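In case you want the letters, here they are:
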Amino acid sequence: MKKTNLLLAGLLACGMASAQKIQPYGALPSKAQVVWNDMEYYMFIHFGPNTFTNKEWGHGDEDPKVFNPTRLDARQWARTAKQAGMKGIVITAKHHDGFCLWPSKYSTHTVRESAWKNGKGDVLAELSAACKEYGLKFGVYLSPWDRNHPEYGTASYNQVFANTLEEVLTSYGPVFEQWFDGANGGNIKQPYDWDLFHKVVYKHQPNAVIFSDVGPGCRWVGNENGIAGTTNWSTLNVKGFSPGAGGPPTKSLNEGNEDGEQWIPAECDVSIRPGWFYSPDTDDKVKSLNTLLDIYYGSVGRNGNLILNVPIDRDGVIHPNDSTRLMELRRTLDATFKNNLAKNAVVTATDTRKNNPEVKVAHLTDGSNATYWATPDNVTATTVKLTFKKPVTFNRVVLQEYIALGQRVKAFSVEILDNGVKKEIARETTIGHKRILRLPDYTTTEVYINISDAKAAPVISEIQLYEAPGMLATPEIRRDKEGMVTITAASADPEIHYTTDGTAPTLNSPMYTPQTEIRLPQGGTVKARAFLRKTKAASPEVKASFDVAPAKWQVVAPAAAEAAKAIDGNTATVWASDKKETQYPHQLEVDLGETLTLKGFTYTPTTNEHIGGVIYGYAFYTSTDGKSWGQPAAAGSFANIKNNPVPQTISFAPVKARFIRLVALTPATEKDNRASIAELGVITK
Ligand code: FUL
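Residues numbered from 1 in each chain as written. Predicted model: local features only at pLDDT ≥ 70, side-chain atom pairs only at ≥ 80, totals over all residues. Heavy atoms only, no water.

Draft legend 1. Main features of empty space enclosed by the protein. All chains considered together, the criterion is met by 3 cavities of 30 Å³ or more. Of the voids in this model, the largest cavity is the one considered here, and its volume is about 50 Å³. What lines the largest cavity is simply Lys94, Gly98, Cys100, Ser104, Tyr106, Ser107, Asp146, His149, Tyr157, Val160, Phe161 and Thr164. When residues of the lining of the largest cavity are assigned to their parent elements, the largest contribution, 4 residues, is made by helix H6 (residues 157–169). (1 Å grid on protein atoms, 1.4 Å probe; cavity = no way out; pocket = protein on both sides within 12 Å on 5 of 7 lines; lining within 4 Å. Points joined across faces, edges and corners; volume = space filled by probe spheres on them. Helix = DSSP H or I, 4+ residues; strand = E, 2+ residues; numbered from the N terminus.)

As structure tokens, this is what we get:
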């Protein structure tokens, strides 16, 4: 080859090289973070003395002997997680009560001091072995806040905690995630030495992803509902913030920060029950399949990882109510994401980066997020078109960015060809590791993914389309203060049919739509059922019986406007007595606006522990003129209301009255000075 040609070839090669290479954009994930993001869904386990004492936050003064599971089976936990499609388990090795689930030499509040296995047991040893057996990753939660350790609040505690960490991180094999809880509800001040703690983690577990409000591995999503923002950047500004109370604002935790300083993706934590720890009181409160699906789409579907808490019960196993629900969720997700329709499409893109063998349009539908397609530099708006020979019906769109090169997409939309014209069916913001759109059924031969804005040339690894089978959601029936009834189903798929004449609803009964007006101010019974027309599947029938609606009612006392919440037809809003009124009894007096023959009353307590004020002892009075009250129509106590705060129905001999008064005599929880009412009703039927 001539010299000039050589030069030319060299120049060309250089030019090509620069055209090929995709420059990473912004803060980038470590290899461990990319692997972590791919896990998507794993189990959280809360287990410890609280399991046995019915507490959420133990005080550290509990007798360690209370920890005594009768048939602890860590293999059952791991098997359940595996069958649920989870990729790992993170366990509360030490919660705020300081109790260690392993025989730590740095504590005297451990399994060694417990009754379990005569003090010879080690939960972490059993669980890490079970995880290994089932091919799951193992992670640990350790609370720096320690309500038991005598050195907590002194200069030496940080070293104690570092030693404790070291002990765990060197004894049970690889740890994929180190969970640092930011909660601290105590009065003792303890400045934490986070640098020291992080050094210990990385020294012994260099691939562990560290969780806290500010990472550095992954961040708290800002709520315990398991739901990330629809916009969700995996980058976060951390300067000036610290774990716990010093964490970033909730919005930043929930949505990340565009162009944030560090790669700290969101982890969505939520419990399958109302509490984090097991309690027999919540056996019937395991989240519904629909709620869990909302959580899945709100976390994994919004660029977050889902850590779903499944508490261990007092026997030392996962309760069948929880595992049954986990399997329902797995079956539904498997059925949903079984058949990627995009694989049958001819895929074209308006702008494809040239001279880069790694970039291929075909990579978009190859089912792997390790391969990608990208636009040329400076092209930040582009369209990928999927063309089908035969019409396809889909209701889920899955998009993934190749995050190793940074998170780039700021805005995108989805269009379909509808009767020869393009029709927009979704308009969204970020994608990240994974974005799943839950849509109604669409049937078309052309789908367009339009990226309308990006931080840099988009690098997309996957475009997938699915048809989720219709979900039958059991409808819920509510009535407002005026007597207007609404029926809702958590999933958009089914048709709801209803009756108000007591007969069983069928597909031929009136269909309920948001426009339907059902007015029952004088009361009545509504029955509803959800149907899937395609398969003829039907939900169980639900029935709601109403008495007189509180349309004409007015609170006479107390004077606070808040009191109206007790008679607004909405159990989600609560009246609670003034915090300054520190003495029982409390009372609520109501003018019904008309004289009715009363046969009883209903009291719906709040289930919100932060409000409290659940009433135990009561007296219920009636009056025709609001002046003379006489003896109570009923008096007594609401049985088992503390542990099971469900609506209470009290009957009495019929009496004509226009005014009613509920007197709260004693609280359900000792020393609770407040009284509260989510809803007060009357029985006339
Ligand atoms: C919180 C704790 O206070 C709860 O008890 C629970 O462990 C939850 C996951 O984190 O901050």
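Draft legend 2. Region of interest: the pairing of strand E31 (residues 648–667). Examined bridge by bridge, strand E28 (residues 586–604) and E31 share 13 bridges and lie antiparallel to one another. Counted as the bridge partner of Tyr603 is Gln648 from E31. Two strands pair when backbone bridges link them, and strand E29 (residues 615–623) and E31 are joined in this way by 8 bridges, in the antiparallel orientation. Within E31, the position partnered with Gly617 by the bridge is Thr666. (Pairing = 2+ DSSP bridges.)

Draft legend 3. Layout of the layout of surface pockets. Of the voids in this model, the second largest pocket is the one considered here, and its volume is about 1300 Å³. Taken together, 38 residues form the lining of the second largest pocket, with Phe546, Thr571, Thr604, Pro647 and Glu679 sitting closest to its centre. Of all elements in the fold, only strand E18 (476–479), strand E19 (484–488), strand E23 (524–532), strand E25 (542–546), E28, E31 and strand E33 (679–683) reach the threshold of two or more residues within the lining of the second largest pocket. Element by element, the count of residues in the lining of the second largest pocket is highest for E33, at 5 residues. The residue makeup of the lining of the second largest pocket, split by class, is 15 nonpolar, 14 polar and 9 charged. Taken together, domain 3 (476–546) and domain 4 (552–683) each give at least three residues to the lining of the second largest pocket, which thus spans both. (Nonpolar A, V, L, I, M, F, W, Y, C, P; charged D, E, K, R; others polar. Domains from an automatic or database assignment.)

Draft legend 4. Focus on unusual backbone geometry. Put simply, Ala557 and Pro558 share a cis peptide bond, and its omega is 0°. Within the secondary structure, Pro558 sits in the loop between strand E26 (554–557) and strand E27 (575–576). Here the amide bond leading from Tyr584 into Pro585 is cis, since omega sits at 0°, within 30 degrees of zero. In this structure, Lys117 is a non-glycine residue whose phi angle is positive, near 50°. As for its placement among the helices and strands, Lys117 is situated in the loop between strand E2 (88–94) and helix H5 (123–133). With relative accessibility at 46%, the residue Lys117 sits in the partly exposed group. (Buried < 20%, exposed > 50% of the residue type's maximum accessible area, 1.4 Å probe, protein only.)

Draft legend 5. Spotlight on the nonpolar core. Trp77 and Leu326 are the most contacted members of the largest nonpolar core, which totals 73 residues. Per-element tally for this core: the top contributor is H6, with 7 residues. Ignoring any residue separated from it by four or fewer positions in sequence, one finds Leu326 in contact with Tyr41, Met43, Thr80, Ala84, Met86, Ile272, Leu308 and Val310. Among the nonpolar cores identified, the runner-up in size contains 37 residues, and Val414, Ile425, Leu437 and Leu465 belong to it. (Core = buried A, V, L, I, M, F, W, Y, C linked by side-chain atoms within 4.5 Å. Contact = heavy atoms within 4.5 Å.)

Draft legend 6. Structural view of the environment of Asp146. With respect to the helices, strands and loops of the structure, Asp146 is situated in the loop between strand E3 (137–142) and H6. According to the relative accessible area criterion, Asp146 is buried, its value standing at 4%. When the C-alpha positions of Asp146 and Gly98 are compared, they lie 4.8 Å apart, and in sequence the two are 48 residues distant. Not counting the four nearest positions on each side in its chain, Asp146 is found in contact with Lys94, His96, Asp97, Gly98, Tyr152 and Tyr157. A distance of 2.6 Å separates polar atoms of two side chains, one belonging to Asp146 and the other to Lys94. Of note is the side chain of Asp146, whose polar atom sits 2.8 Å from the backbone nitrogen of Asn148. (Polar contact = N/O pair within 3.5 Å; in protein donor to acceptor, adjacent residues only side chain to side chain.)

Draft legend 7. Layout of the domain arrangement of the protein chain. Assigned domains within the protein chain: domain 1 (40–336), domain 2 (341–466), domain 3 (476–546) and domain 4 (552–683). Placing the centre of domain 1 and that of domain 3 at their C-alpha centroids yields a distance of 40 Å.

Draft legend 8. Main features of the site of the ligand. The environment of the ligand is made up of Phe44, His46, Trp57, His95, His96, Tyr141, Trp179, Asp181, Ala183, Glu224, Asp269 and Trp276. At 2.6 Å from an oxygen atom of the ligand is found a side-chain nitrogen or oxygen belonging to His46. Taking His96, its side chain carries an N or O atom lying 2.8 Å from an oxygen atom of the ligand. When isolated, the ligand has an accessible area of 300 Å², and the protein chains bury 92% of it. Looking at the shell around the ligand, its residues break down into 6 nonpolar, 3 polar and 3 charged. (Near = heavy atom within 4 Å. Areas by Shrake-Rupley, 256 points an atom, 1.4 Å probe, with all protein chains shown as cover.)

Draft legend 9. A look at the sheet that holds E19. Spatially, E18-E19-E22 is the arrangement adopted by the 3 strands of the open sheet, whose pairing is antiparallel. Of all the strands in the sheet, the pair left with one neighbour each is E18 and strand E22 (518–519). Inspection of the sheet shows E19 paired to E22 by 2 bridges, in the antiparallel sense. Bridging across to E22, Val485 finds its partner in Ile518.

Draft legend 10. Just the pattern of salt bridges, in detail. Summed over all chains, the structure comprises 30 salt bridges. For Glu261, the salt bridge identified is with Lys239, shortest N-O distance 3.7 Å. With a gap of 22 residues between them, Glu261 in the loop between helix H8 (250–255) and strand E8 (262–263) and Lys239 in the loop between strand E7 (235–236) and H8 connect regions that are remote in the sequence. Linking Asp294 and Arg438 is a salt bridge whose minimum nitrogen-to-oxygen distance equals 2.6 Å. Placement of Asp294 in helix H9 (residues 289–299) and of Arg438 in strand E16 (residues 435–454) is noted, with a sequence separation of 144 residues between them. (Salt bridge = Lys/Arg side-chain N within 4 Å of Asp/Glu carboxyl O.)

Draft legend 11. Layout of the environment of Pro514. Its location among the elements puts Pro514 in the loop between strand E21 (511–512) and E22. Sequence-wise, Pro514 and Lys527 are 13 residues apart; in three dimensions their C-alpha atoms are separated by 16 Å.

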